[in-house]
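A structural walkthrough
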Protein chains: 2
Amino acid sequence: MYTLDQVRCFVAVAEHLHFGRAAAALSMTQPPLSRQVQKLERFVGVDLLERDNRRVVLTAAGEAFLDNARVLLAMSDRAPQDARRIASGQWGRLSVGFTAASGFGILGSLVTAIEESFPGIDLDLHEMVTGEQLENLAEGRIDLGLGRLDSTPPSVQSELLLAERLLLAVPKDHPLAHLERPLRKDDVTGQPLIMHSATRATYFYDLLVRHFPIDHHMVRHSLSQVLTMINLVADNHGLAFVPESAALVSVPGVRYLAFEDLSEEIVELKALWNTQTKNPALKQVVSLLRS
Amino acid sequence: MYTLDQVRCFVAVAEHLHFGRAAAALSMTQPPLSRQVQKLERFVGVDLLERDNRRVVLTAAGEAFLDNARVLLAMSDRAPQDARRIASGQWGRLSVGFTAASGFGILGSLVTAIEESFPGIDLDLHEMVTGEQLENLAEGRIDLGLGRLDSTPPSVQSELLLAERLLLAVPKDHPLAHLERPLRKDDVTGQPLIMHSATRATYFYDLLVRHFPIDHHMVRHSLSQVLTMINLVADNHGLAFVPESAALVSVPGVRYLAFEDLSEEIVELKALWNTQTKNPALKQVVSLLRS
DNA sequence: ATGAAATGATGCCTGAAAGGTATCGTGGTC
DNA sequence: GACCACGATACCTTTCAGGCATCATTTCAT
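A brief structural summary. Just so you know, these numbers come straight off a predicted model, no measurement behind them.

**Digging into the protein's contact with DNA strand D**
Neighbouring residues of DNA strand D: 21 residues in total, closest Gln30, Ser34 and Arg51 of chain A together with Arg35 and Lys39 of chain B. In DNA strand D, atoms within 4 Å of the protein come 67% from sugar and phosphate. Here phenylalanine 19 of chain A contributes a backbone N or O atom positioned 3.3 Å from a phosphate oxygen of DNA strand D. Separating a phosphate oxygen of DNA strand D from a backbone N or O atom of threonine 29 of chain B is a distance of 3.0 Å. Sorting the residues of the surface near DNA strand D by element identifies α2 (19-25) and α3 (30-44) of chain A together with α3 (30-44) of chain B as the ones contributing at least two each.

Below, the structure written as structure tokens:
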């Protein structure tokens, strides 16, 4: 078998058509260069160069070999570079799971930030609820999640990305949309609600029952997708609690109201990732998120 | 710098995910295999494999390197093979110069024969008169000529490909087309002729003046392309001498007549090549032509 | 819990091969 | 005809690849 060094020797000679100068270009002396080329030719079984004592020319086989040799050397340069870039996280693929709600606000700017900082990282975006994100993180199908949850399992690390207020989406003809005074928590008492699912949107469900006196009789629908909820509000099926960023979606017939007595930014969006993930791109992205 | 052997070692380990079995597959023992992989990793500057004492897995960088490594190895196999094939003449490019007249008959079957016998040889076909073929052979712009000439220069070797009769092309309304008896050489005496050029179609010109009593007053046109001559015959501008193979071209209004007293196959078509040409494909094609 | 097995890494030795210096052989040049 | 240019060869030294023996660590069975 032959070596890449032999190929480099041959290419140098083929380019200079002169052993002495090629040797100088390779920072070596002429005799070992001659031998390396001979050895390569012996392996190939064919003369690649025709040496006259006066001049060196490529044979037809040599021309063909030179073409392949150049590609070979280019690739032999590229392979370690690619590996280094991927190991450093400059290159790679990052699978991101995000909730539909996070898609309204932060997802776009996050994607932009990642693409600007790490143009070598390809993003795979998958919309899924937080519970699915945790499953997929555990099984390594996604590297990063953007979701809402209070406490993370031990295998998952998180970083608070965004905290926002909770708003109430009301149909524009609803009496609450025309109050003379600021809205208060207990105004929703007895109103028909389009609630978050207790199983599929646990975070919102828990958050709401913690802050509001919600009675099961008030719940008209139980959903997990914020956008669907807003559409139902527009069709006058009830009121819905939505994070502030969802208010960016203007749907005709829907108004978003803040609570006077709940101005804290209590709805959190976290970045989630598996502590054991080896994906080097994740490290880069996480350090970006932290800044 | 790293070697192809190191790459082979890495690929084997990456495929087996087991140093011992990979070593066996490479017909070597495990310790040097470990060291080769270590050396490769040291050059790349990045861990390609993650070795636990229990199992071996690829890192993200290792996966990327593996992809490139496979291409690298495939190319390292291919380069010498290509060179060998080209040196043996199985592969290559052959520039062929041919006269328009040879194109009527033998060129098609020749091209077919070459393509069947040597599917790796690409043919470049260039139409040119014999004189141009000799020039281009001398300067290496074509490797093979198909032309008509009596004596070859010393640097050119030739092989007789085809000998054929000389026919007379006549307009179908011409008296000679309706003779009760076979045509004889002296029937053309005094007829208007469309002659071959004395300078650009020397071979035909010399051949004709050797066999026929041709007077300059009879010459109406002086050309080098047989097809043009036949078209002029069709338009009743005179008679033309053409090789038998040109009769394969049926032009309305033209009939081809043989001479009773000139039945020898005196029009020759030769393959011509430069004795110094190094193109290995030529050797193969010449040996094909000889059989 | 403890010993056996599995597996990759290390230490050491030998032989092959790479690179260097000096020199040869052969054409072309003045 | 002496000289020069240039690739090939001879010989030496050093580097490195491969093999054997062994170590260290982890898992599994008893």
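**Things to note about the interface of chain B and chain A**
Contacts between the two partners involve 31 residues from chain B, matched on the other side by 30 residues from chain A. Looking at the side of chain B facing chain A, the largest losses of area belong to Leu4, Asn68 and Met75 of chain B, adding up to 19% of the total buried there. In this assembly, chain B and chain A are joined by zero salt bridges. Contributions of two or more residues to the side of chain B that touches chain A are made by α1 (4-16), α3 and α4 (60-87) of chain B. For the side of chain B that touches chain A, the element with the highest residue contribution is α4 of chain B, accounting for 18 residues. Considering only residue class, the side of chain B that touches chain A consists of 20 nonpolar, three polar and eight charged.

**A look at the sheet that holds strand β11 (residues 254-258) of chain A**
All names here are of chain A. Read across the open sheet, the three strands follow the order β10-β7-β11; overall the sheet is antiparallel. This sheet does not close on itself; its edge strands, each paired only once, are β10 (240-243) and β11. The sheet shows a mean angle of 40° between the axes of neighbouring strands, taken without regard to direction. Relative to β11, strand β7 (residues 166-171) runs antiparallel, the two sharing five bridges. Bridge pairing in β11 places leucine 168 opposite leucine 257. With respect to the sheet, helix α9 (residues 226-234) is in contact with β7, β10 and β11, its orientation differing from that of β10 by roughly 135°.

**Considerations on α4 of chain B**
Here α4 of chain B is 28 residues long and its end C-alpha atoms lie 41 Å apart, about the 40 Å a rise of 1.5 Å per residue gives. One or two residues past the end of α4 of chain B sits glycine 89 of chain B, with phi positive at roughly 85°.

**Describing the pairing of strand β8 (residues 193-196) of chain B**
All names here are of chain B. Of the strand pairs in this sheet, β8 and strand β9 (residues 219-223) are connected by four bridges, and their pairing is parallel. In the strand pairing of β9, histidine 196 is matched with leucine 223. Between the parallel pair β8 and β9, the chain is carried across by helix α8 (residues 202-211), and the sense of this crossover is right-handed.

Cut-offs applied
Residues numbered from 1 in each chain as written. Chains lettered and ligands numbered in written order. Predicted model: local features only at pLDDT ≥ 70, side-chain atom pairs only at ≥ 80, totals over all residues. Heavy atoms only, no water. Near = heavy atom within 4 Å. Polar contact = N/O pair within 3.5 Å; in protein donor to acceptor, adjacent residues only side chain to side chain. Helix = DSSP H or I, 4+ residues; strand = E, 2+ residues; numbered from the N terminus. Contact = heavy atoms within 4.5 Å. Buried area = accessible area lost by both parts, 1.4 Å probe. Salt bridge = Lys/Arg side-chain N within 4 Å of Asp/Glu carboxyl O. Nonpolar A, V, L, I, M, F, W, Y, C, P; charged D, E, K, R; others polar. Pairing = 2+ DSSP bridges. Axes fitted to C-alpha atoms, helices over the stretch in contact; angles between N-to-C directions. Expected span 1.5 Å × (residues − 1). Right-handed = clockwise from strand over helix to strand, strands pointing away.

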